[in-house]
Amino acid sequence: MDEEAKPNPNADAAPAAAEAAASSPPPLSSSESAEGKDKEEEKEEEEEEEAGDLVEKLVELVEEIAAISDFRNAYRRQFCNLSRRIRLLAPMLEEAKEGPRPLPEVSYSALRRLREALADSRELLRLGVSGSKISLVLEREKIMKSFQDITARLEQALGLISFDELDISDEVREQVELVHAQFKRAKERSDPSDDDLFNDLVSVYNSSTSANVDPDILQRLSDKLQLATISDLNQESLILHEMASGGDPGAVVEKMSMLLKRIKDFVQSRDPEMGTPVNTTELSGKDNMASPIVPDDFRCPISLDLMKDPVIVATGQTYERGCIERWLEAGHDTCPKTQQKLPNKSLTPNYVLRSLIAQWCEANGMEPPKRAAQHHNAPASCTAAEHSNVVELLQKLLSQNLEDQREAAGMLRQLAKRSPENRACIGDAGAIPILVSLLSTTDVSTQEHVVTALLNLSIYEENKARIITSGAVPGVVHVLKRGSMEARENSAATLFSLSLVDENKITIGASGAIPALVLLLSNGSQRGKRDAATALFNLCIYQGNKGKAVRAGLIPVLLGLVTETESGMMDEALAILAILSSHPEGKTAISSANAIPMLVGVIRNGSARNKENAAAVLVHLCNGEQQQQHLAEAQEQGIVTLLEELAKSGTDRGKRKAIQLLERMNRFLMQQSQAQAQAEAMAQAHAHAQSQAQVQALNEAQSQVEMQVEQLLLPTTSHLSDRRDG
């Protein structure tokens, strides 16, 4: 292959569910019996140390909670009440630090319950500060249930604490008793959520256009959600993108982004100095003053504003330069929209989109947005001689002479390989439609030159749109199916390059390319397999293509590449599996292939990135109808120790996945233990009942024997007569 863009096949897949908090789970419990006096003394010393550590952790938790403040959302009162009540527990815990050791089991158990409740309280309070204000309202039932659950657990834990055993002073005792009473009252009566606020959000979401939304509703939302400044709005937007990066469902985040966009448009229309508002223009006819609706494609996905200087990141997504630069400067290394890990942080100007935005502004009587001076200029225009040379090659390409066509296609292929300026010049000269028309040629060499020329031209961003609009995809897919191996390789690479633009993923997926790529991945050359894998990885980021890939038989091919270590394709295969496992059909196919032992093997012996992707696949498998079955199988394979190690030393994403799996495994083992205990109890009860029945039967038999003996010993009537006669 002459030249191609390279993907990052090991980037984070689009997730289907929220990530677990990055804190280590409690280890699986084990019990040991202590024998003899020395053992008992060791146990007491150990319990004393554990009690001290436990109280110290409680103090730290309360200090962390006390540092969380500024609850500027719809649940401000609930968050403030919870935080205030917890802070009042600090004096008790400080006195408990100096209390007697070892602690009685009842108090120790109560403090452990308190620690668990406080840890969950801390996460809920953090959500109140750093969570999306819109999300908190839309998920009101979940949030209110969290408040009720935590309140009940805190009240229960405080009720079990013995002040005498902890040696708590009377003054502090009275304070804690007051807090306990407050939690008890709060548990018995739930604070109502703001139904009006929720209904207002639903009303805005259900409106067909922004123009149909009642301004009074938008004003209420802006006030109640405290989204009235550009800083508030941008912060909310960044939080939504963080949610997407963390694995929240894309549809949910898109819904919230749409709501935020409408609030932002309203706020900016009221206060134009906040940002770069859309200018209004007087429309002809019956319309009065109105603001044209900015197309979503022209808005930056981060700021939701009309883009002045659109730039493309390595994943093919477009953002406003200033917004994506701030995102990257904040330490992020992922694409905000797709959650892919960025292989590099280069920013390429999106000249096509900038031109379309300018045309749209002119059509709506608006001044095109001004951008700052650029450091990255467009490729310089080719010279007259270079342009003349390209035109001459195009004339040969249009001739009916097969040798001329082959020579011209080969020359254009080489020119497009050399420089961005050449790619721009060839595209500007109108070469792309002519090349596309020759994709169906029966001459093998010409076909190879043509598809490779298109590959090289596609690296220049403006040419991507030209290739798509010229109808090239069906022709490229034709070559992918029927061309020589070199032509198939470069067809796959061309599809990858084009799929870097999101909307092209849909076009390519609908063209029948995916089954052909799966076939190339299965039986192509080594380079062909890699080209197919990178194209499939990128196409499967789009949810609508995942089912197509599964139905094309991709899962068995990927599993085969993972198990065949000599293939050298394990990295790519696991990365694609991680994406497909989030799709119901993908999960079913992986489950049917009995992939659990293989995945556990990767976590045991694979590279850091492969362990991460294998764990990601297992997270999806161990969720849903077959969760118990898969967890049991994974446990049999010895996964618990491997996950504990991954949670300590894996990649950031690998740690999160390992923690999620450990939490599910712990719950599973606990349920197993409870079920086993119940079964044993039932068996014992049954055995006891049988034993009682046997004893009763023996007693009855013995009674019958005794009665028979007594009857035998009774004197007969004749015997009595003999005695009287005598």
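What counts, and at which threshold
- For every chain, the first residue of the written sequence is number 1, and numbering continues from 1 onward in sequence order.
- Reporting of local features is limited, given that this is a predicted model, to residues whose pLDDT is at least 70; pairs of side-chain atoms are given and counted only at 80 or more, and all residues count toward the totals for whole chains, interfaces and linings.
- Hydrogens and water are ignored here; the side-chain numbers use all heavy atoms of the structure.
- Helix and strand assignments come from DSSP, with helices taken as H or I runs of at least 4 residues and strands as E runs of at least 2, each series counted from the N terminus.
- Think of it in three bands: with a 1.4 Å probe and only protein chains considered, a residue is buried below 20% of the maximum accessible area for its type, exposed above 50%, and partly exposed in between.
- Method for areas: the Shrake-Rupley scheme with a 1.4 Å probe, in which residue coverage is limited to the protein chains shown.
- Between rings of Phe, Tyr and Trp, where Trp is taken as its six-membered ring, a pair exists when centres lie within 6.5 Å; planes separated by under 30 degrees are stacked, by over 60 edge-to-face, and by other angles tilted.
- Geometrically, a lysine NZ or arginine CZ counts as sitting over a ring once it is within 6 Å of the ring centre and also within 35 degrees of the ring normal.
- Contacts between residues were defined by any pair of non-hydrogen atoms, one from each residue, lying within 4.5 Å.
- By definition, pLDDT measures how confident the predictor is in each residue, and it falls between 0 and 100.
- At least two DSSP bridges between two strands are needed for those strands to be called paired.
- Think of it as the arc spanned by the lines of direction from the helix axis to the C-beta atoms.
- Helix axes use the C-alpha atoms of the stretch in contact, all axes being lines fitted to C-alpha atoms, and the angles between their N-to-C directions lie in the range 0 to 180 degrees.
- For this classification, under 35 degrees means roughly parallel, over 145 means roughly antiparallel, 65 to 115 means roughly perpendicular, and everything else is oblique.
- For this classification, the nonpolar set comprises Ala, Val, Leu, Ile, Met, Phe, Trp, Tyr, Cys and Pro, the charged set comprises Asp, Glu, Lys and Arg, and every other residue, Gly included, is treated as polar.
- It is the rotation of the near helix from the far one that decides the hand of a crossing: anticlockwise by less than a right angle makes it left-handed, clockwise makes it right-handed.
- Should a side-chain nitrogen of Lys or Arg be within 4 Å of a carboxyl oxygen of Asp or Glu, the pair is scored as a salt bridge.
- Criterion for a disulfide: a pair of cysteine sulfur atoms at a distance within 2.5 Å.
- For patches, a residue must show more than 30% relative accessible area and have no salt bridge; joins then use 9 Å for like charges and 5 Å for nonpolar side chains, namely Val, Leu, Ile, Met, Phe, Trp and Tyr.
- Within this scheme the basic residues Lys and Arg register as positive and the acidic residues Asp and Glu register as negative, but His and the chain ends are omitted.
- Every charge is mapped onto a representative atom, which is NZ of Lys, CZ of Arg, CG of Asp or CD of Glu.

Caption draft 1: Spatial organisation of the overall build of the protein chain. Summing up its helical and strand segments, the protein chain has 35 helices and five strands in all. Out of the 726 residues in the protein chain, the part that is buried amounts to 46%. By element, 48% of the accessible surface of the protein chain is carried by carbon and sulfur atoms, the whole surface being about 36,000 Å².

Caption draft 2: Highlighting the packing of aromatic side chains. One pass over the structure, following the stated rule, counts three aromatic pairs. Ring geometry for Y75 against F79: centres 6.5 Å apart, planes inclined by 90°, an arrangement best described as edge-to-face. The two residues Y75 and F79 agree in class, both being buried. With 6.4 Å between their ring centres and 40° between their planes, Y75 and F147 make a pair best called tilted. Separated by 72 residues along the polypeptide, Y75 in the loop between α1 (36–66) and α2 (76–87) and F147 in helix α6 (residues 140–160) bring together distant segments of the chain. Grouping residues by exposure puts Y75 and F147 together as buried. Three or more aromatic residues joined by ring pairs form one cluster here, namely Y75, F79 and F147. Against the face of F183 rests R85, its NZ or CZ located 5.9 Å from the ring centre.

Caption draft 3: Just helix α21 (residues 472–482), in detail. Along α21, the residues classified as buried are A472, V473, G475, V476, V477, V479 and L480. Those residues of α21 that are buried lie in contact with α18 (431–437), α19 (444–458), α20 (461–469), α22 (485–499), α23 (502–509) and α24 (513–523).

Caption draft 4: Representation of the confidence of the model for the protein chain within the structure. On average, the protein chain scores 78 in pLDDT, and the residues at 70 or more come to 80%. The secondary structure element of the protein chain with the lowest average pLDDT is strand β1 (residues 281–282), at 32, and the one with the highest is α24, at 95. Counted against residues more than four places away or in other chains, residues 1–49, with its pLDDT under 50, gives 95 contacts. Segment residues 272–290 is flagged for pLDDT under 50; beyond a separation of four residues in sequence, or across chains, it makes 26 contacts in the model.

Caption draft 5: Examining the environment of N623 more closely. Relative to the assigned elements, N623 resides in the loop between α31 (608–621) and α32 (627–636). A residue is classified by how much of its surface remains accessible, and N623, at 37% relative accessible area, is partly exposed. When the C-alpha atoms of N623 and K587 are compared, they prove to be 9.7 Å apart, with 36 residues separating the residues in sequence. Residues within four places of N623 in sequence aside, it is in contact with K587 and R664.

Caption draft 6: Structural context of the sheet that holds strand β3 (residues 310–312). Reading across from one edge, β4-β3-β5 is the order of the three strands in this open sheet, with antiparallel pairing throughout. At either margin of the open sheet sits one strand with a lone partner, and together these are β4 (318–320) and β5 (348–349). As defined by bridge partners, β3 adjoins β5 across two bridges and the pair is classed as antiparallel. Looking across to β5, one finds that V311 is bridged to P349.

Caption draft 7: The arrangement of helix α13 (residues 321–329) in detail. Every buried residue belonging to α13 is among R321, C323, I324, W327 and L328, and all of these are buried. Mapping the buried residues of α13 onto a view down its axis gives an arc of 165°, with all of them on the same face. Of the residues in α13, the exposed ones pointing more than 90 degrees away from the buried face are R326 and E329. Following α13 by one or two positions, G331 has its phi on the positive side, about 100°.

Caption draft 8: Summary view of the packing of helix α16 (residues 402–418) against helix α17 (residues 420–428). Where α16 meets α17, the closest approach of the two axes is 5 Å, and the angle between their N-to-C directions is 130°. Classified by the angle between their axes, α16 and α17 sit oblique to one another. Note on element contacts: α17 touches α16 through N422, R423 and I426, opposite L412, L415, A416, K417 and R418. Its residues assigned to classes, the contact of α16 with α17 shows four nonpolar, one polar and three charged.

Caption draft 9: Highlighting the packing of α24 against helix α27 (residues 554–563). Viewed as axis vectors pointing N to C, α24 and α27 meet at an angle of 25°, and their least axial separation amounts to 10 Å. It follows that α24 is roughly parallel to α27 by the angle criterion. Crossing handedness for the pair α24 and α27: left-handed. Residues V518, L521 and S522 of α24 form the contact with α27, whose own contacting residues are L554, V557, L558 and L561. Residue composition of the contact of α24 with α27, by class: six nonpolar, one polar and no charged.

Caption draft 10: Quick look at the pattern of salt bridges. Overall, the coordinates contain 25 salt bridges when judged by the stated rule. For E462, the salt bridge identified is with R466, shortest N-O distance 4.0 Å. Taken together, the positions of E462 and R466, both in helix α20 and four residues apart, correspond to about one turn of that helix. By relative accessible area, R466 is classed as partly exposed at 25%.

Caption draft 11: Summary view of the environment of F163. Structurally, F163 is set in helix α7 (residues 163–166). Each C-alpha atom of the pair F163 and S107 lies 9.0 Å from the other, and the pair is 56 residues apart in sequence. Setting aside residues no more than four positions away along its own chain, F163 makes contact with M92, I168, R173, V176 and E177.

Caption draft 12: Local environment of unusual backbone geometry. Phi angles above zero are rare outside glycine, and D167 is one such case at about 60°. Mapped onto the secondary structure, D167 falls in the loop between α7 and α8 (170–188). Positive phi outside glycine occurs at N594, with the angle close to 55°. Along the chain, N594 falls in the loop between α29 (584–592) and α30 (596–605).

Caption draft 13: Expanded view of the state of the cysteines. Under the defined criterion, the tally for this structure stands at zero disulfides. The cysteine C323 is free of any disulfide, with C300 supplying the nearest cysteine sulfur at 4.0 Å. The class of C323 is buried, set by a relative accessible area of 8%.

Caption draft 14: Quick look at a negative patch on the surface. Side chains of D170, E171, E174 and E177 sit close together on the surface and give a patch of like negative charge. Topologically, E174 is positioned in helix α8. Judged by its relative accessible area of 56%, E174 falls in the exposed class.

Caption draft 15: Up close: the environment of R115. Turning to its location among the elements, R115 is positioned in helix α4 (residues 105–130). Excluding anything up to four places from it in sequence, R115 contacts L54, K57, L58 and L61.

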